[in-house]
Amino acid sequence: MKISTAADLERLKQEGHKQLHPDTVRIMVGTATCCLARGAGKVIKAIEREAAAQKFACTIVPVGCIGLCYQEPTVEVIQPGKPRIAYGPVTVDDVPEFVKALAATGVDKKRALFRSEQEYSLFAAEPYRYAKGAVSDEFKDITAYSDVPFYKKQVKICLRNAGTINPESIEEYIAMGGYAALAKAVTQMTPDQVIHEVTKSNLRGRGGGGFSTGKKWTECRKAPGGQRYVLCNVSEGDPGIGMHKSLLESDPHTVLEGLIIGGYAIGAAQGYIYISSGYPLGLKRLQKAIEQAEAYGLLGTNILGSGFNFSVTVKEGGGAYVCGESTALMAGLEGRIGEPRPKYIHTAVKGLWDSPSNLNNVETWANVPVIINKGADWFSGIGTGSSKGTKVIGISGSVNTPCLVEVPMGTPFKEIFNELGGGVPAKRKLKAFQTGGPSGGVLPARMLSLNLDYEEMGKAGTNLGSGGFIAIDNRACMVDIARFFTQFLIEESCGKCVPCREGVKRLLQLINNFTIGIGTEEHLTLIKELAFAMEKASLCDLGKTAPSVVQYAIKYFKDEFEAHMQGQCPAGVCKDLIFYSIESKVCTACGACIRACPVSAISGEPGSTPTLDMKKCIKCGACKEVCDVEAITT
Amino acid sequence: MPQITIDGKQITAPEGVTILQVARENGIDIPTFCHHEALEPWGACRLCIVEVDEGGRTRLVTSCNFPVKEGLAVTTKNKSIIAIRKMIIELLLTRCPNAQAVRQMADKLGVTGTRFPIENEFCILCGMCVRVCKEIVGAQAISFASRGGNKTVASPFFNRSGECIGCGACVYVCPTQCITMNDVAEAADVYSEGTEQVGYARVMNNWRTRLPLKVCKSCGNPIAPEFQLQVLAKKAGLAPDALDLCQGCKE
């Protein structure tokens, strides 16, 4: 069936509503990559098996990620007429008990996390209420969604449907108000009005650059030429990051809808989605989404009877970090080596196949339908003076509760770290945090007072990047962190221009001098000199920002570099500078270190302090890790 | 025609050319390593970096591919440009301390040695060989392989190239002379069963490619690689036997 009028869309909406709120029990299991890694796939099978065995009638639906990565696998259950309840973690072993509790009382209080009385919806005038009437007493002791601190701080725009809808069902997406923005854009607005709305919303590129999306669109629309392209970048390569992957896996249609609206506004008939081959599940769901949209006529010719034609092609990339750079990405799309070229003529004027092209990243596109639907004023009401809307952030590293969140711009990092990330694990101390990946910076813990804001972070010397937040505690060595990111860039530099290719290699050698204790003050000066040339002369932003982590490590953690010059690694990470010893005064002679040592370098009799043979020791740190009384020192 | 200034000198530049072209035509020297006038600008060596001022906003750009426009003010030498060029040549000198062209450029820019631990490469990855093979010869026999610190120029899969016509354009264009080819009189394939004589052949040492040479029908001297003559005859629409004689015998 093709959708050609608003009435058709409304009919589909009703169908989707029936799927979203069936007469039977709807069990929703998170199945983004993070959930699957924690065993969600097996949980689905176990629930199916158990429900059949216990004759418990239910529909089991795979959904996206609700962001509570540390509670995976998460399961949400909607019983007709009762509040929706989230449970986690529900492992395979928990399933029999879980299903039994559901079948008996309709709720498993042991694993319940929170309850929602109504559906999270940005578009519905009257959000759907799961529970009719007042909250019954049996659910009162489960925390309400609105009282969960984790969600209180969040505003979900891009992730509005994540965890609620089946990402492989277009009907459910439409039921949540999907494709209404597209219908509004192509039937009620001119392309210029769409661009005007996006410009007015002050949406800025979420890929890292933070360039005004509206301005970019305007430039591309005005560029001379016939054929135009809109492109979507799904290739975040920073270590420790997976927001865009999760977004695409949870709600591929919102990205697609944004791209189609962008195509309409810019005057492009063809869109390309460049996706890293590291995202097999995202790719599968995206392809499914495109098939469904094509089947309903939301892609193809004469979309919604407006005369607008648009098609989308998905192109798999090899996952190179540099292919996040626009010109390298376009080279990749053209089938050439993913190398950047100078952008003295903007890609908005001369991009893919020398035609005007507009590239935005997944998250930017996902914002577009909401801006069109809710209006620019609503969108720009969220955030700070110059940074509007929300940002999806992946919190990882040394935190109690690694998770995926969407917070308004301007949220202080302190809140992101303490209230959403759950703070630093016991017995440790936060030393630094890293944002923006290898192109960003490392900032000391005291700078958590910064707010999530393009300008403020730029002033502090880091950038928002694609939105990763990595907490670093006192067990990490900042010289080692600098080494890690430089090593990453050696492998990921495309190798075209001299300052980046040769510079990164030399930078790593210089840092390695410190990790083996032969670094000097002259080496620091040389790093500075080298970094200047790299920043100024490299071809693309990868090279220009390559020395950034190193420079900020030196700026804020000079004391650690100085300690390394003296041949000491305070954190006990740099292997060439550490020598383990066992403090006999502290040691309880439990023998745990003897059993943990993989090379039998520790020996001893029960009841006396073991001895360590440094000749055999490979400095793996396994003994230190298992010692409860911290008797092993470096 | 755009009016620009380079180092304070008023110049009327032709439409659609680069800063480097205008500078060279006006006798202003800008050092380059990956630029060749017969090839498209590449912008990889970054030695030709200059500062441009467009209505008060200054930035560093590579002159080899920056198009001139009205009112542009270009500075080809200042403190940071010199520092950057020196660092770039120091990096190249670290990579290729024994390449003559690199040493000469270092001398020219006043860099006498390097402060980094040296390597012993000869290729500076300027890409001229790859580009001449693609843009001028049209064979695309070689390309870049790997990335980052492992980047290199290679024939497909580091093996014999089926597209190489043995023209030697890559050898000719290489600034550090690290690409070589030579003609041998008695090439042979050695198998465990025995040896098979190939006769005259051209060996492209860097591309693991050997092309048998065609011998003149009349005098028996080698002319050129057989594959090259086939490609040329096809391109020029000549009869298959049109290139059977060497230049001497034709006359």
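Nothing here was measured: the structure is a model prediction, and the numbers come from that model. (Residues numbered from 1 in each chain as written. Chains lettered and ligands numbered in written order. Predicted model: local features only at pLDDT ≥ 70, side-chain atom pairs only at ≥ 80, totals over all residues. Heavy atoms only, no water.)

1. Concerning the overall build of chain A
Argument step 1. Check the secondary structure of chain A and you find 25 helices and 18 strands.
Argument step 2. Scaling as 2.2 N^0.38, a compact globule of 634 residues should have a C-alpha radius of gyration of about 26 Å, and chain A matches this with 27 Å.
Argument step 3. The principal-axis extent of the C-alpha atoms belonging to chain A is close to 80 × 65 × 40 Å.
Argument step 4. Across the 634 residues in chain A, those meeting the buried criterion constitute 60%.
Argument step 5. When contacts within chain A are restricted to residue pairs at least 6 apart in sequence, long-range pairs at least 24 apart make up 72% of them.
Argument step 6. Accessible area for chain A stands at about 24,100 Å²; split by element, carbon and sulfur atoms hold 51% of it.
Argument step 7. In chain A, 70 positive and 65 negative side-chain charges are present, and the distance between their average locations comes to 1 Å. (Helix = DSSP H or I, 4+ residues; strand = E, 2+ residues; numbered from the N terminus. Rg over C-alpha atoms; globule rule 2.2 N^0.38 Å. Buried < 20%, exposed > 50% of the residue type's maximum accessible area, 1.4 Å probe, protein only. Contact = heavy atoms within 4.5 Å. Areas by Shrake-Rupley, 256 points an atom, 1.4 Å probe, with all protein chains shown as cover. Lys, Arg positive; Asp, Glu negative; His and termini not counted. Charge placed at Lys NZ, Arg CZ, Asp CG, Glu CD.)

2. What about the overall build of chain B?
Argument step 1. A count of helical and extended segments in chain B gives 7 helices and 11 strands.
Argument step 2. Computed over its C-alpha atoms, the radius of gyration of chain B comes to 23 Å, more than 25% above the 18 Å expected for a compact globule of 251 residues.
Argument step 3. Dimensions of chain B, computed from C-alpha atoms along their principal axes, come out at roughly 70 × 45 × 30 Å.
Argument step 4. Of all 251 residues assigned to chain B, the portion counted as buried reaches 45%.
Argument step 5. Element-wise, carbon and sulfur atoms account for 50% of the exposed surface of chain B, whose accessible area totals about 12,900 Å².
Argument step 6. Considering chain B, the positive charge centre built from 27 side chains and the negative charge centre built from 25 side chains are found 6 Å apart.

3. Some points on the interface of chain A and chain B
Argument step 1. Opposite the 31 residues of chain A that make contact, chain B presents 33 residues.
Argument step 2. Buried surface at the junction of chain A and chain B, both sides included, amounts to about 2,800 Å², of which 61% is carbon and sulfur.
Argument step 3. Where chain A meets chain B, there are 6 salt bridges.
Argument step 4. In this structure, the salt-bridge partner of Lys151 of chain B is Glu339 of chain A, at a minimum N-O distance of 2.2 Å.
Argument step 5. One can count 17 residue pairs in polar contact (both at pLDDT 80 or more) joining chain A with chain B.
Argument step 6. Contributing elements (two or more residues each) for the side of chain A that touches chain B: α18 (478-492), α19 (498-515) and α20 (521-537) of chain A. (Buried area = accessible area lost by both parts, 1.4 Å probe. Salt bridge = Lys/Arg side-chain N within 4 Å of Asp/Glu carboxyl O. Polar contact = N/O pair within 3.5 Å; in protein donor to acceptor, adjacent residues only side chain to side chain.)

4. Notes on the environment of Ile266 of chain A
Argument step 1. Tracing the chain through its elements places Ile266 of chain A in helix α11 (residues 252-266).
Argument step 2. Non-local contacts of Ile266 of chain A, meaning those with residues more than four positions away in its chain, are made with Trp217, Cys220, Arg221, Arg228, Val230 and Asn358 of chain A.

5. Quick look at the environment of Val629 of chain A
Residues and elements named next belong to chain A.
Argument step 1. Locating Val629 in the fold gives a position in the loop between α25 (622-626) and β18 (632-633).
Argument step 2. Among the residues examined, Val629 registers a relative accessible area of 36% and is labelled partly exposed.
Argument step 3. Among all residues touching Val629, those that are not within four sequence positions of it are Val586 and Thr588.

6. Comments concerning the side chain of Thr5 of chain B
Residues and elements named next belong to chain B.
Argument step 1. Looking at the element boundaries, Thr5 is found in strand β1 (residues 3-6).
Argument step 2. Using a relative accessible area of 18% as the deciding quantity, one classes Thr5 as buried.
Argument step 3. Those residues in contact with Thr5 that sit more than four places away from it in its chain are Gln10, Leu72, Ala73 and Val74.

7. A closer look at the sheet that holds strand β9 (residues 357-361) of chain A
All names here are of chain A.
Argument step 1. Pairing is parallel in the open sheet, where 4 strands are placed in the order β8-β7-β6-β9. Of all strands in the sheet, those bounded by a partner on one side alone are β8 (311-317) and β9. The sheet shows a mean angle of 20° between the axes of neighbouring strands, taken without regard to direction.
Argument step 2. With 5 bridges connecting them, strand β6 (residues 229-234) and β9 associate as parallel partners. Of the residues in β9, the one forming a bridge with Tyr229 is Ser357. (Pairing = 2+ DSSP bridges. Axes fitted to C-alpha atoms, helices over the stretch in contact; angles between N-to-C directions.)

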